[in-house]
Amino acid sequence: MTTKQTAMDVDTAFLKSRRGIVKVTEMVTLFVAFVCFTVASTPKYIAATVLEFFITSLLLVLYLLKLNKRLTFFFWPLVDVFNSVFATVYFITLSLMAMTSYINTGMLIGGIACFLLAVLLCLESYILFSIITFNRPRTETQNT
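Given the structure is predicted, the values throughout are model-derived calculations rather than measurements. (Residues numbered from 1 in each chain as written. Predicted model: local features only at pLDDT ≥ 70, side-chain atom pairs only at ≥ 80, totals over all residues. Heavy atoms only, no water.)

Enquirer: Can you help me understand the packing of helix H5 (residues 76-100) against helix H6 (residues 105-131) in this one?
Expert: Any two packed helices are characterised by how steeply their axes cross, that is the angle between the axes, and by the distance between the axes. For the pair H5 and H6, interaxial distance at closest approach is 8 Å and the crossing angle is 155 degrees. By the criterion of interaxial angle, the relationship of H5 to H6 is roughly antiparallel. Our pair here, H5 against H6, has a crossing hand that is left-handed. Within the contact of H5 with H6, the residues separate by chemical class into 20 nonpolar, five polar and two charged. (Axes fitted to C-alpha atoms, helices over the stretch in contact; angles between N-to-C directions. Helix = DSSP H or I, 4+ residues; strand = E, 2+ residues; numbered from the N terminus. Parallel < 35°, antiparallel > 145°, perpendicular 65-115°, else oblique. Left-handed = near helix turned anticlockwise from the far one by under 90°. Nonpolar A, V, L, I, M, F, W, Y, C, P; charged D, E, K, R; others polar.)

This is the structure in structure tokens:
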């Protein structure tokens, strides 16, 4: 009886690409904001950062395990763009609310971290918009 094991390929080159570096930096910034909001004990801000951390980690795992090539029923870069654009607007609003109505230092630092996250999400949106091809031939540099 032979069993065939198929190992998942991990795309370590993605972690070294611009998109991978930005994704990991987003997750670190989200974690910092989560810790700050937890220290400040503000549940609505905690929920927002945990939700985006979960979505970002799912997208990171999707790209790391090359599942975007297997699950072709979505155009994953466009899903990533929508997430980035909506999260940018949401976290700009959240950061302004946290910075203007802060009760303690944790809430203020969390608001600043959310604002930095919004800048990172804008950068990710720009990177994704620049590599998405709409009826144009792909080049080799756009594969990352």
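There's more to say after this.
Enquirer: What exactly am I supposed to notice about H5 here?
Expert: Given 3.6 residues to a turn, an α-helix orients residues that are three or four positions apart in the same direction. A rise of 1.5 Å per residue sets the reference length of H5, with its 25 residues, at 36 Å; its end C-alpha atoms lie 36 Å apart and thus fit the reference within 8%. Every buried residue belonging to H5 is among Trp76, Pro77, Asp80, Val81, Asn83, Ser84, Ala87, Thr88, Phe91, Leu94, Ser95 and Ala98, and all of these are buried. The elements touched by buried residues of H5 are helix H2 (18-39), helix H3 (43-64), helix H4 (67-70) and H6. (Expected span 1.5 Å × (residues − 1). Buried < 20%, exposed > 50% of the residue type's maximum accessible area, 1.4 Å probe, protein only. Contact = heavy atoms within 4.5 Å.)

Enquirer: Where do I start with unusual backbone geometry in this structure?
Expert: Both trends apply: most residues other than glycine have a negative phi, and most peptide bonds are in trans. Unusually for a residue other than glycine, Ser41 sits at a positive phi of about 45 degrees. Structurally, the position occupied by Ser41 is in the loop between H2 and H3. In the Ramachandran plot, Lys66 falls in the positive-phi region, its phi being about 55 degrees despite a non-glycine side chain. Along the chain, Lys66 turns up in the loop between H3 and H4.

Enquirer: Just to check I follow, could you spell out the side chain of Thr88 for this structure?
Expert: With respect to the helices and strands, the residue Thr88 is situated in helix H5. Look at Thr88 and you get buried, because its relative accessible area is 8%. At 2.6 Å, the side chain of Thr88 and the backbone oxygen of Ser84 are in polar contact. Residue contacts for Thr88: discarding those within four places in its chain leaves Ala118, Leu121 and Cys122. (Polar contact = N/O pair within 3.5 Å; in protein donor to acceptor, adjacent residues only side chain to side chain.)

Enquirer: Help me understand the pattern of salt bridges, please; the structure alone is not making it clear to me.
Expert: Think of it this way: side chains of opposite charge can pair up when their charged atoms draw near. Tallied over the full model, the rule gives three salt bridges. In this structure, Asp80 and Lys23 form a salt bridge, with 2.9 Å as the shortest nitrogen-oxygen distance. Taken as a pair, Asp80 in helix H5 and Lys23 in helix H2 lie far apart in primary sequence, 57 residues in all. Judged on exposure class, the residue Asp80 and its partner Lys23 are both buried. With a shortest N-O distance of 2.6 Å, Glu124 and Lys23 are connected by a salt bridge. Note that Glu124 is positioned in helix H6 and Lys23 in helix H2, a separation of 101 residues in sequence. In the salt-bridge network here, residues are joined through shared partners; they are Arg19, Lys23, Asp80 and Glu124. (Salt bridge = Lys/Arg side-chain N within 4 Å of Asp/Glu carboxyl O.)

Enquirer: I'm lost on the packing of H2 against H3 in this one. Help?
Expert: Put simply, H2 and H3 touch, their axes get as near as 9 Å, and they point 155 degrees apart. It follows that H2 is roughly antiparallel to H3 by the angle criterion. Once H2 is placed against H3, the crossing between them reads as left-handed. Every residue of H3 that contacts H2 at Arg19, Lys23, Val24, Glu26, Met27, Leu30, Phe31, Ala33, Phe34, Phe37 and Thr38 is listed here: Tyr45, Ile46, Thr49, Val50, Glu52, Phe53, Thr56, Ser57, Leu59, Leu60 and Tyr63. Of the residues contributing to the contact of H2 with H3, the split by class is 14 nonpolar, four polar and four charged.

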